Amino acid sequence: MAPFGKLRENWLRPFFFFGNNLLSLIGGALTTASAATLIGFWVVAFFGHGGSGNPYVGIIFDLCLPGLFVLGLILIPIGMWLRRRHLKVTGQLPTQYPQIDLRDPRFRHGLDIVLIATVINFIIVGTGSYRAVAHMDTPNFCGQSCHVMAPEWAAYHVSSHQGVACTRCHIAEGIKGFVHAKVNGTRQLMQVAFHSYPTPIMAEEKLPPAEVTCLSCHNPNKFIGDKLLVKTSYADDEQNSMTRTLVLLHIGGRDQFGKLSGIHGAHLGRIEYIATDTTHQTIPWVSKINADGSTTEFVSSDAKEPMAGQKRVMDCIDCHNRAAHSFDTPEAALNKAMAAGSPNASLPFVRKEGLALIKADYSSQEDATSKITVGLENFYQSQYPAVWSGQREQIDQAAGTLVKLYGENVFPFMKVTWGTHPNNIGHNDYPGCFRCHDGSHTAKNEKSISNDCSLCHNLLAVDEANPKQLADLGMQ
Ligand code: HEC
Ligand code: HEC
Ligand code: HEC
Ligand code: HEC
Ligand code: HEC
């Protein structure tokens, strides 16, 4: 009993004696309230009800609540020290510290303050963090509150995944993904707070593997077969001459007999590669697992030994890397918009002028908005007065569309411009499929990864004004 008595005499009594001051009491209340809130969240997250997968929620768990907790812990000794100094200066330091006694009104008074302050703190800290967590879980938070995500947010809204929560593709399930996302989210928020984020933001590390993201919605064994792509283009002449390219893509997949074929059938789970840059545009080494379990390695003719970089098994996002954030090239963006009716192809030279206007350099989106609008108006006013007076509405509409295309693709403050984010799905605008299928990735047996134009598609028509196939299909 003796050691415990000593502890009580020398430590606990002075602790409670000096601790009985407003600052220490508030500190104690702050610590208790933030600890209770943290524990509450942990319990909720542990049982999986309403636990949040959002990385930015990390700012609350990893910084705010622990911060308040530590702040409270610091306030306690500061208050004690101040009270001790005050009593010493005024000569009121007791030789013997009073007993801890619930009947002592001064002790009870202190206890009351702690209790009341804890309840108030708990209500403030608890509801404050609960509301923040709930808010951070909405896509609005990911995309909007954080202006550095403006490019991805804009592109997301014109993609077929606009209804899919950011966290479904960006965060793996399970504890590991959860912790990883928390650490990452906190780091990113610090970067935003201290303006040290990279511009542009590139996908530095790959997303979690497709099995835990894409495949939770898409069936990898679906047989898609052939798909007809109709690409409409406009030329730089006065009439904005329209042509069409028809591509019959052999997407394939796994058919009802289990046989793999086509683009989807050829890669999944069977191809490994090494890339030497972060966006995986340069791929010097590729390996294929053959049906009999052996492997064939293909090495690019300009590969440098030794090859630095991690091996990666090819999955959905190696081709569909822009599934949710598809930025266009200026040509493709304008072609699609004109095919949809605006800018209207009846406006002379609208394709040539429009393209020059959206490709020009502007200091900001606001700057672009005014200069694109004025630029197009000036062109028709000075070169085509009759069109300017007769087709005013279409000119306004065209200017509006050009501004919109620019606004969806170029973000000067983030240094995101046309072409910043390469799209891997084809090979005309970016290396894409030709990162490997360029005919110069060769195996020991001299065979190379094929570059044959009919491997992936049949080109039914290339830049034809009136492809007869479209008429045959009744699609004209
Ligand atoms: C359908 C899946 C999917 C959804 C939903 C999704 N993303 Fe992405 N995101 C991707 C892929 C794929 C990449 C590119 C990864 C790569 O190239 O390695 C990416 C890349 C990014 C990047 C890196 C910069 C870049 O453009 O490459 C940011 C930032 C980003 N996404 C933010 C968001 C935000 C914010 C949301 C929600 C508004 C969101 N993402 C929703 C799949 C998705
Ligand atoms: C939460 C469910 C969900 C997840 C996760 C998801 N998708 Fe989708 N995906 C959809 C839906 C819904 C569509 C639209 C289908 C439609 O319009 O017919 C779609 C359409 C697509 C399309 C065709 C349209 C296009 O944009 O070309 C591709 C390709 C695609 N997804 C790839 C992916 C990839 C790659 C991933 C993983 C990075 C992924 N999806 C993750 C639900 C999902
Ligand atoms: C080797 C590259 C490659 C890989 C890997 C790949 N795809 Fe595709 N996928 C394509 C191409 C090319 C298209 C056709 C693009 C187009 O429509 O313009 C396509 C089309 C699609 C479509 C749209 C089909 C339609 O009917 O329009 C979906 C959905 C899709 N892929 C999902 C997936 C999923 C899920 C995975 C991973 C299991 C995957 N893809 C892996 C190249 C790939
Ligand atoms: C990382 C490298 C890589 C990329 C990128 C890639 N492929 Fe492949 N692809 C391969 C390899 C390796 C093979 C197997 C070649 C062989 O067996 O000779 C292959 C095979 C194919 C085949 C099947 C050939 C056959 O004989 O049946 C098709 C079709 C194909 N790829 C289409 C595409 C398309 C379309 C893209 C772009 C959307 C693409 N690939 C991107 C590496 C790649
Ligand atoms: C490894 C597969 C692959 C090979 C080999 C290939 N292509 Fe393609 N090509 C594609 C894919 C995938 C697309 C569709 C891109 C998209 O969805 O926008 C495409 C689209 C096109 C287009 C449509 C135009 C456009 O703007 O997208 C043309 C033209 C074309 N290819 C020409 C060729 C020629 C010529 C060759 C032979 C030198 C060739 N391709 C070889 C995969 C391939």
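Numbering of residues starts from 1 in each chain and follows the order in which that chain's sequence is written. Chains and ligands are labelled by the order in which they are written, letters from A for the one and numbers from 1 for the other. Two thresholds apply to this predicted model, a pLDDT of at least 70 for residue-level local features and 80 or more for giving and counting side-chain atom pairs, whereas whole-chain, interface and lining totals are computed over all residues. Note that the side-chain values use all heavy atoms of the structure and ignore hydrogens as well as water.

A. Region of the structure containing the nonpolar core. Only buried residues count toward a nonpolar core, which is a set of Ala, Val, Leu, Ile, Met, Phe, Trp, Tyr and Cys residues joined through side-chain atoms within 4.5 Å. Categorising residues by exposure relies on relative accessible area from a 1.4 Å probe, with only protein chains included: less than 20% of the type maximum marks a residue as buried, more than 50% marks it as exposed, and the intermediate range marks it as partly exposed. By size, the foremost hydrophobic cluster in this structure holds 28 residues, and its most contacted members are Ile372, Leu376 and Tyr380. Counting only elements with at least two residues in this core, the list comes to helix H11 (330-339), helix H12 (350-359), helix H13 (365-383), helix H14 (385-390) and helix H15 (392-409). Here a helix means four or more residues in a row that DSSP labels H or I, a strand means two or more in a row labelled E, and each is numbered from the N terminus. With seven residues, the top contributor of residues to this core is H15. By definition in these notes, contact holds between two residues if any of their heavy atoms fall within 4.5 Å. Aside from chain neighbours lying at most four places away, what touches Ile372 is Leu357, Ile358, Tyr362, Ala399, Leu402, Val403 and Tyr406. Core analysis: the next-biggest nonpolar cluster, separate from the first, contains 10 residues, Ala275, Val286, Phe298 and Cys436 among them.

B. Structural context of the coordination of the iron atom of ligand 1. Protein coordination of the iron atom of ligand 1 is provided by His170 (NE2) and His325 (NE2), with donor distances spanning 2.0 Å. Here the iron atom of ligand 1 is ringed by six donor atoms whose angles at the metal span 87 to 180 degrees, and the overall shape comes out octahedral. Here His170 is found in helix H7 (residues 166-170), whereas its partner His325 is found in the loop between helix H10 (316-319) and H11, with 155 residues between them in sequence. His170 gets classed as partly exposed once you look at its relative accessible area, which sits at 44%. With water excluded from the atoms, a metal site may look incomplete; its donors are any N, O or S atoms within 2.8 Å, or within 3.2 Å for Na, K and Ca. Only two sets of limits are used to name each site, 85 to 135 degrees for every angle of a tetrahedral four-donor site, and over 155 degrees for opposite donors with all other angles from 65 to 115 for a square planar four-donor or octahedral six-donor site, with any other site named irregular.

C. Geometry of the sheet that holds strand S6 (residues 295-300). Read across the sheet, five strands follow the order S7-S4-S5-S6-S8 without closing on themselves; strand pairing throughout is antiparallel. Strands with a single pairing partner mark the edges of an open sheet, and in this sheet they are strand S7 (311-313) and strand S8 (441-442). Here, strands pair whenever DSSP counts at least two bridges between them. Direction of pairing for strand S5 (residues 285-289) relative to S6: antiparallel, over a ladder of five bridges. Its bridge partner being in S6, Ile289 is matched across the sheet by Thr295.

D. Inspection of the site of ligand 5 at higher detail. Around ligand 5, a shell composed of 17 residues is seen, among which Lys231, His427, Cys453, Cys456 and His457 lie nearest. The separation between an oxygen atom of ligand 5 and a polar side-chain atom of Asn428 is 3.2 Å. Whenever a nitrogen or oxygen atom comes within 3.5 Å of another N or O atom, the pair is scored as a polar contact, on the condition that within protein one atom can donate a hydrogen and the other can accept it, and that pairs from neighbouring residues in sequence are kept only if both atoms are in side chains. Between ligand 5 and His457, the relevant distance is 2.7 Å, taken from a nitrogen atom to a side-chain nitrogen or oxygen of the residue. Elements that contribute at least two residues to the shell around ligand 5 include exactly strand S1 (225-234), strand S2 (242-254), helix H16 (453-456) and strand S9 (457-464). Here the residues of the shell around ligand 5 sort into nine nonpolar, six polar and two charged. It suffices for a single heavy atom of a residue to lie within 4 Å of a molecule or strand for the residue to be listed as near it. Residues are sorted three ways: Asp, Glu, Lys and Arg are charged, Ala, Val, Leu, Ile, Met, Phe, Trp, Tyr, Cys and Pro are nonpolar, and all the rest, Gly among them, are polar.

E. Local environment of the coordination of the iron atom of ligand 3. For the iron atom of ligand 3, the protein coordination sphere consists of His264 (NE2) and His320 (NE2), at 2.0 Å. Taken together, the six donor atoms surrounding the iron atom of ligand 3 define angles of 87 to 178 degrees at the centre, an arrangement classified as octahedral. Of this pair, His264 sits in helix H9 (residues 262-267) while His320 is found in the loop between H10 and H11, placing the two residues 56 residues apart along the sequence.

F. View of the domain arrangement of the protein chain. Each domain span listed reflects an automatic or database assignment of domains. According to the domain assignment, the protein chain contains domain 1 (2-137), domain 2 (141-207), domain 3 (225-324 + 425-472) and domain 4 (330-414). Centre-to-centre, using C-alpha coordinates, domain 1 lies 61 Å away from domain 3.

G. Layout of unusual backbone geometry. Across the junction of Thr199 and Pro200, the peptide omega takes the value -10 degrees, indicating a cis bond. With respect to the helices and strands, the residue Pro200 is situated in the loop between helix H8 (174-193) and S1. With omega at 0 degrees, the peptide bond leading from Ser342 into Pro343 counts as cis. Within the fold, Pro343 resides in the loop between H11 and H12. Positive phi is not limited to glycine here, since Asn240 has a value of about 50 degrees.

H. How the structure looks around a nonpolar patch on the surface. Any residue with relative accessible area above 30% and no salt bridge may belong to a patch, with like charges joined within 9 Å and the nonpolar Val, Leu, Ile, Met, Phe, Trp and Tyr side chains within 5 Å. Accessible surface is estimated by sampling points in the Shrake-Rupley manner with a 1.4 Å probe; for residues, cover comes only from the protein chains shown. Definition used for salt bridges: Asp or Glu carboxyl oxygen within 4 Å of a side-chain nitrogen of Lys or Arg. Together, Phe4, Leu7, Trp11, Leu12, Phe15, Phe16 and Ile100 line one region of the surface with nonpolar side chains, adding up to about 670 Å² of accessible area. By the secondary structure assignment, Ile100 is in the loop between helix H3 (58-89) and helix H4 (105-136). Judged by relative accessible area, Ile100 falls into the partly exposed class, the value being 35%.

I. Geometry of the pairing of S6. Two successive antiparallel strands, S5 and S6, enclose a turn made up of five residues, where Gly293 displays a positive phi of approximately 95 degrees. The sheet contact formed by S6 and S8 spans two bridges and is antiparallel. Each bridged residue has a counterpart across the sheet, and for Ser300 the counterpart in S8 is His441.

J. Focus on the side chain of Thr245. In this fold, Thr245 is placed in strand S2. Given a relative accessible area of 14%, Thr245 falls into the buried group. A distance of 3.0 Å separates a polar atom in the side chain of Thr245 from the backbone nitrogen of Asp463. Residues in contact with Thr245, not counting those within four places in the same chain, are Leu229, Val230, Lys231, Ala461, Val462 and Asp463.

K. Highlighting the environment of His267. One can find His267 in helix H9. The residues contacting His267, other than those within four sequence positions of it, are Met314 and His437.

L. Layout of H13. Expected helix span is computed as 1.5 Å times (number of residues minus one). With 19 residues, H13 should reach 27 Å at 1.5 Å per residue; the first-to-last C-alpha distance of 27 Å fits that figure. Within H13, burial applies to Asp367, Ala368, Ile372, Leu376, Phe379 and Tyr380. Buried residues of H13 fall within an arc of 165 degrees about the axis and therefore sit on the same side. In H13, the exposed residues that point more than 90 degrees away from the buried face are Glu366 and Ser382. To be clear, the arc concerns the directions from the helix axis to the C-beta atoms.

M. Region of interest: the packing of H12 against H15. Where H12 contacts H15, the two axes come as close as 10 Å, and the packing angle between them is 40 degrees. What the angle tells us is that H12 and H15 run oblique. The way H12 lies across H15 gives a crossing that is right-handed. Residue-level inspection shows Val350, Gly354, Leu357 and Ile358 of H12 in contact with H15, the latter providing Ala398, Leu402 and Tyr406. To get an axis, fit a line to the C-alpha atoms, keeping to the stretch in contact for a helix; angles then go from 0 to 180 degrees between the N-to-C directions. Reported orientations rely on four angle classes, namely roughly parallel under 35 degrees, roughly antiparallel over 145, roughly perpendicular from 65 to 115, and oblique for the rest. We call a crossing left-handed when the near helix sits turned anticlockwise from the far one by less than a right angle, and right-handed when that turn is clockwise.

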